[in-house]
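Observations on the three-dimensional arrangement
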Amino acid sequence: MGVLGVQHGGSLRFWGTRLLVMAGAVVLGLWLQQVLGARLATIQEHAAHDVVAARGELASLLRIVGGLVFGGTALVGVAMTRASRRALAAGAFPPPGLWSWGSTRTVTGPRARTLARVWLLLAILVTVLSVTGLGLVFHAARMLLSCKAG
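Summarised in this report is the structure supplied together with it. Here the structure is a predicted model, which is why all the values come from computation and not from measurement.

**Quick notes on the pattern of salt bridges**
- Inspection of the entire model under this criterion finds 1 salt bridge.
- The residue Glu57 makes a salt bridge to Arg39 at a minimum N-O spacing of 3.1 Å. Residue Glu57 is located in helix α2 (residues 51–90), and its partner Arg39 is located in helix α1 (residues 12–47); the two are separated by 18 residues in the primary sequence.
- Judged by relative accessible area, Arg39 falls into the partly exposed class, the value being 35%.

Right, here's the structure in full:
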């Protein structure tokens with residue numbers, strides 16, 4: 001097992017960047033939760049007067065949110081697959097590029113190939129499960145639209 005490059009992992013910039021990204025993700029998630037909650041409350045109010053229209057709104061919301069979430073994770077899975085194939089070809093893990101952002105060391109040799117294969121299996125799993133989730137969300141939206149008011 002060889003190590004190509006070692007970066008200093010204890011610097012303020014190293015940890016500050018990670019904390020900033022995590023804080024941004026938390027703030028974005030909390031804001032989106034509030035927006036989605038307000039939209040669902042509006043749909044529930046509409047359901048008291050027009051059930052079919054409310055189901056249509058809910059189906060649209062399912063398609064949009066499900067498409068963004070599962071479509072995004074599917075794209076991450078595809079990017080992971082490409083990165084793991086580059087890692088296998090280069091014999092180094094993680095390979096140069098986005099997936100090595102912030103890595104403290106790069107492993108080479110047989111251990112790198114093993115890590116790249118495991119990463120490839122995980123990437124395929126993420127992609128397949130994301131596409132499956134996307135299909136289920138769109139199926140649920142279609143079923144919601146096919147329900148009759150009653």
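**Quick word on the layout of surface pockets**
- Its boundaries defined by the atoms lining it, the largest pocket holds a volume of some 190 Å³.
- In terms of lining residues, the largest pocket is bounded by Leu32, Gln33, Val35, Leu36, Arg39, Leu61, Val65, Leu68 and Val69.
- For the lining of the largest pocket, the elements supplying multiple residues, two or more each, are α1 and α2.
- Of the residues forming the lining of the largest pocket, the biggest block, 5 residues, is contributed by α1.

**What to know about a nonpolar patch on the surface**
- On the surface, a nonpolar cluster with roughly 500 Å² of combined accessible area is contributed by Leu36, Leu40, Ile64, Val65, Leu68 and Val69.
- Counting residues per element, the ones that place at least two in the nonpolar patch are α1 and α2.
- At 4 residues, the largest contribution of residues to the nonpolar patch is made by α2.
- As for its placement among the helices and strands, Ile64 is situated in helix α2.
- On the basis of relative accessible area, Ile64 is assigned to the exposed category, the value being 52%.

**So, α1**
- The end-to-end C-alpha separation of α1 is 52 Å, in line with the 52 Å expected for 36 residues at 1.5 Å each.
- Packed against the buried residues of α1 are α2.

**What to know about unusual backbone geometry**
- Residue Phe93 is joined to Pro94 through a cis peptide bond whose omega torsion reads -5 degrees.
- Relative to the helices and strands, Pro94 is located in the loop between β2 (92–93) and β3 (105–108).

**Regarding α2**
- If you check α2, its first and last C-alpha atoms are 57 Å apart, about what 40 residues at 1.5 Å a residue would give, namely 58 Å.
- Where α2 is buried, its residues contact α1, β2 and α3 (110–146).
- In the stretch just after α2, Gly91 is the one whose phi turns positive, near 70 degrees.

**Focus on the packing of α2 against α3**
- Contact geometry of α2 with α3 gives a least axis separation of 8 Å together with a crossing angle of 165 degrees. Considering the angle they form, α2 stands roughly antiparallel to α3. α2 and α3 meet at a crossing whose hand is left-handed.

The rules behind these values
Position numbers for residues start from 1 in each chain and track the written sequence from start to end. At least 70 in pLDDT is required for a residue's local features to be given in this predicted model, at least 80 for side-chain atom pairs to be given and counted, and no such filter applies to totals for whole chains, interfaces and linings, which use all residues. For the side-chain quantities, the full set of heavy atoms in the structure was used; hydrogens and water were omitted. Salt bridges, as used here, are contacts in which a Lys or Arg side-chain nitrogen is within 4 Å of a carboxyl oxygen on Asp or Glu. Under the scheme used here, helices are H or I runs from DSSP no shorter than 4 residues and strands are E runs no shorter than 2 residues, and both carry numbers assigned from the N terminus. Any residue under 20% of the maximum accessible area for its type is buried, any over 50% is exposed, and the rest in between are partly exposed; the area is computed with a 1.4 Å probe on protein chains only. Cavity: a set of points on a 1 Å grid over the protein atoms alone where a 1.4 Å probe fits but cannot get out. Pocket: an open set with protein on both sides within 12 Å along at least five of seven lines, its lining residues, like those of a cavity, having an atom within 4 Å of a point. Grid points are joined across faces, edges and corners, and a volume is the space filled by probe spheres set on the points. Patch membership requires more than 30% relative accessible area and the absence of a salt bridge. Residues of like charge join within 9 Å; the nonpolar side chains Val, Leu, Ile, Met, Phe, Trp and Tyr join within 5 Å. The accessible surface values rely on the Shrake-Rupley method and a 1.4 Å probe; as for residues, cover is taken only from the protein chains in view. Working rule for helices: expected span equals 1.5 Å times residues minus one. For this analysis, residues touch if any pair of their heavy atoms sits within 4.5 Å. Axis definition: a line fitted to C-alpha atoms, limited for helices to the stretch in contact. Angles are taken between N-to-C directions and run from 0 to 180 degrees. Just so you know how the angles are binned, under 35 degrees is roughly parallel, over 145 roughly antiparallel, 65 to 115 roughly perpendicular, and the rest oblique. Handedness of a crossing is defined here by the sense of rotation of the near helix relative to the far one, left-handed for an anticlockwise turn of less than a right angle and right-handed for a clockwise turn.

Function cannot be inferred from these measures alone, as they are strictly geometric.
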